[in-house]
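# Remarks on the overall topology
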Amino acid sequence: MDLNKLADLLIPDENVKPLDYYETLYPARDLEKGAEVTRLAPSPTGFIHLGNLFVAIANERIAHQSGGLMYLRIEDTDLKRKVDGAVDAVKNALKYFDIRFDEGAEIEGAENKYAPYYQRERAEIYHAFAKDLIRRGLAYPCFCTEEELSALREQQTEAKKITGYYGEYATCRNLTEEQIYENLKAGKPYVIRLRSQGNAENKLTFRDEIKGDITVTENDQDVVILKSDGIPTYHFAHAIDDHFMRTTVVIRGEEWLASLPIHIELFDVLGFRRPKYGHNCSLQKMDGETRRKLSKRKDPELSLEFYRQEGYFARAVKVYMLTLLNSNFEEWYMKNADVPLEHFKFSINKMGKSGALFDLNKLNDISKNELAKLSEEEMYNFLLAWTNEFGTDTQKTYFADKEYLLKVLTLCMGVGGKKRRKDFTTAKQAMEFISYFFDETFVPTNAYRFEGETVKKILQTFKDLYDAADDSSAWFNKVKAVAEANGFATDMKAYKADPAAFPGSVADVAEMLRVATTGLANTPDLWTIMQILGKERTLARLENAIKAL
RNA sequence: GGCCUUAUCGUCUAGCGGUUAGGACGGCGCCCUCUCACGGCGCAAACUCGGGUUCGAGUCCCGAUAAGGUCACCA
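Residues numbered from 1 in each chain as written. Chains lettered and ligands numbered in written order. Predicted model: local features only at pLDDT ≥ 70, side-chain atom pairs only at ≥ 80, totals over all residues.

## Re the confidence of the model for chain A
Per-residue confidence for chain A gives a mean pLDDT of 93, with 100% of residues at or over 70. In the predicted complex, the global pTM is 0.93; the interface-specific ipTM is 0.95. (pLDDT = per-residue confidence, 0-100.)

## Quick look at the packing of helix H14 (residues 376–390) against helix H16 (residues 402–413)
For the pair H14 and H16, interaxial distance at closest approach is 9 Å and the crossing angle is 110°. Taken together, the axis directions place H14 and H16 in an arrangement best described as roughly perpendicular. The interaxial crossing formed by H14 with H16 has right-handed handedness. For the pair H14 and H16, contact is made by Glu-376, Met-379 and Tyr-380 and by Leu-405, Leu-406, Leu-409, Thr-410 and Met-413, respectively. Residues belonging to the contact of H14 with H16 are distributed by class as follows: six nonpolar, one polar and one charged. (Axes fitted to C-alpha atoms, helices over the stretch in contact; angles between N-to-C directions. Helix = DSSP H or I, 4+ residues; strand = E, 2+ residues; numbered from the N terminus. Parallel < 35°, antiparallel > 145°, perpendicular 65-115°, else oblique. Left-handed = near helix turned anticlockwise from the far one by under 90°. Contact = placed C-beta atoms within 7 Å. Nonpolar A, V, L, I, M, F, W, Y, C, P; charged D, E, K, R; others polar.)

## So, the protein's contact with RNA strand B
Around RNA strand B, the structure places 66 residues, and the nearest of them are Glu-75, Ser-354, Lys-419, Phe-476 and Ala-510. Looking at the surface near RNA strand B, the elements that each hand over two or more residues are helix H6 (146–158), strand E7 (212–217), strand E12 (290–293), helix H11 (314–325), helix H13 (360–371), helix H19 (472–485) and helix H21 (506–518). The dominant element in the surface near RNA strand B, judged by the number of residues it contributes, is H21, at five residues. Of the residues in the surface near RNA strand B, the class split is 19 nonpolar, 22 polar and 25 charged. (Near = placed C-beta within 6 Å.)

## As for the environment of Ala-200
Along the polypeptide, Ala-200 turns up in the loop between strand E5 (191–194) and strand E6 (203–208). A count of 16 C-beta atoms within 10 Å places Ala-200 in the partly exposed class. Each C-alpha atom of the pair Ala-200 and Tyr-166 lies 10.0 Å from the other, and the pair is 34 residues apart in sequence. (Buried ≥ 20, exposed ≤ 12 C-beta atoms within 10 Å, placed from the backbone.)

## Thoughts on the pairing of strand E11 (residues 284–287)
Looking at chain direction, E11 and E12 are connected through four bridges and run antiparallel. Residue pairing in the sheet places Met-286 in a bridge with Arg-291 of E12. What sits between the antiparallel neighbours E11 and E12 is a turn of two residues, in which Gly-288 has the positive phi angle 65°. (Pairing = 2+ DSSP bridges.)

## Overview of the environment of Thr-461
Inspection of the secondary structure assignment puts Thr-461 in helix H18 (residues 452–465). According to the C-beta neighbour criterion, Thr-461 is partly exposed, with 18 such atoms within 10 Å. Beyond its immediate stretch of four places on either side in the chain, Thr-461 contacts Val-482, Ala-485 and Asn-486.

## Structural notes on the packing of helix H8 (residues 234–244) against helix H9 (residues 260–270)
Where H8 contacts H9, the two axes come as close as 9 Å, and the packing angle between them is 50°. Between H8 and H9, the angle falls in the class oblique. The way H8 lies across H9 gives a crossing that is right-handed. Seen from H8, the contacting residues are His-235, Phe-236, His-238 and Ala-239; seen from H9, they are Ile-262, His-263, Leu-266, Phe-267 and Leu-270. Broken down by class, the residue content of the contact of H8 with H9 amounts to six nonpolar, three polar and no charged.

## Quick look at the sheet that holds E5
Spatial ordering of the open sheet is given by E4-E5-E8, a layout of three strands whose pairing is antiparallel. Where the open sheet ends on each side, the last strands, each with one partner, are strand E4 (139–142) and strand E8 (224–226). With direction set aside, neighbouring strand axes in the sheet form an average angle of 45°. Pairing between E4 and E5: four bridges, direction antiparallel. Within E5, the position partnered with Tyr-140 by the bridge is Arg-193.

## Digging into the sheet that holds strand E3 (residues 103–104)
The strands that make up a sheet are held in pairs by hydrogen bonds between backbone atoms, and each pair lies either parallel or antiparallel. Taken in spatial order, the three strands of this open sheet run E1-E2-E3, and their pairing is parallel. Of all strands in the sheet, those with a lone pairing partner are strand E1 (37–40) and E3, marking the two edges. The pairing of strand E2 (residues 69–72) with E3 spans two bridges and is parallel. Within E3, the residue paired with Tyr-71 across the bridge is Glu-103. Against the sheet, helix H3 (residues 50–65) makes contact with E1 and E2, and its axis sits at roughly 160° relative to E1, the strand it touches most.

Rendered as structure tokens:
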């Protein structure tokens, strides 16, 4: 069989150059020893979730910490899944979390010497190597139809054989020259398959950077390397791209572990040196009674977009990801909370071997702590940015009076106090939290824990006494006076010693006033709130609360 | 089902032959406090189960069990 002729016929690509050409076009990178080259290679489905960010952070740290670089490659070999604007979506989402690419698709200002970074634009390279494999007898055309393939699979399943296209089942492997040309002449569509040299009986030990030594079975599947449209499958593109883009470390999800044997054989057969691999366990979530990995289809709430919409502080999400990624990070961060995150020494071998359950409680805790580090001005900007994009029209009016909002934020964050408050978790939650400072969104709840008459008397007594000019202690003395006038305890120790002796304590009085003026039982210092609200509004709210009883 | 991987509090984990099995989140309690918080202190809470190896096993070995991943012209 004239394999040269066959290769030209099967892959009629005039752009293909000799293999050496690509080696010189994409030379080894000139980097310091130990510098790692990593990549993020999403498919442009327009959907990025937490798992992508998880892997991206690991790759980013490994690259930049070692003095290397990370690039963005778009795996757009599957047309069906392609969505317009997806690349921008990826870039924006990652930018929000401060993930920086040094080169790659749509990365402006970079040299991009290893372009193109879209796989569809790299067809020529894949074709060159596929042709070479055909010439060497290591790849062949397969004319089997989808139906034939699924029939084969069924048959194998029934016979309890391993499914797939291999060995005796790989019928097109042994097609004669005549049969091939006949099929070609008949215009039958075909794919190019690898003629696997492996044997599934053979086991080998493979060193995974995260999982350690694992045993893998040699690949014996004649996997498709070029689909019928001439575009490579993931496996083939992976081998070629990561070789020519000179990737040194591939951190990817553990769902790839199963196809590792294919990749090993492909690298071998192509004569490429393999990168180091680290298979990262995927983030999981509870699905009813069972846990499972995050799925794009089933878990839209774990889309990165979700965190933006909820107004999570990017750094908080990143810190949480880091605590899951490296088990020693949390301890380091407790001691180095004010040091840039980049100073943490990220290590691949501190990455967990089993999948972690995503814990919103933990994220929220981290978020509160992170937000408590901001100044009121920074908080203002953070909330403004979120509100502009996701807030309601009423929420946007909060920003009309900057001085007023700043006062509110200063109070709610406890700026200037001995210890910061931690009332804010996300931008969305913060905007709702401060809503009672604005008449448009203030909702009287009248949720008291005492009888209406009691509350009414207390509110009335306080209202008569209230003087906006009082300072904090004069104000509280009046609260105490109100308590006393109604038989409530003013001495908390006495009250705790014998709660039954009083209808309630000064704390309860404060709570009534708080509920009347804010609608909530949990707010920062009430005196300050009344100061911010001003005399008119405070009195009006008390008046309304009394009327409502 | 085959193959691969994993197995410590509810969750994330530390542990790398000798520990009262440590920390963080969450829960609960107490203290601080003029109210709400913040903060401090404390409590409950775990080595999946069998076998070995060893003077000694959460730690090493072998099983069982369970969980996860994967078996495409998707990545």
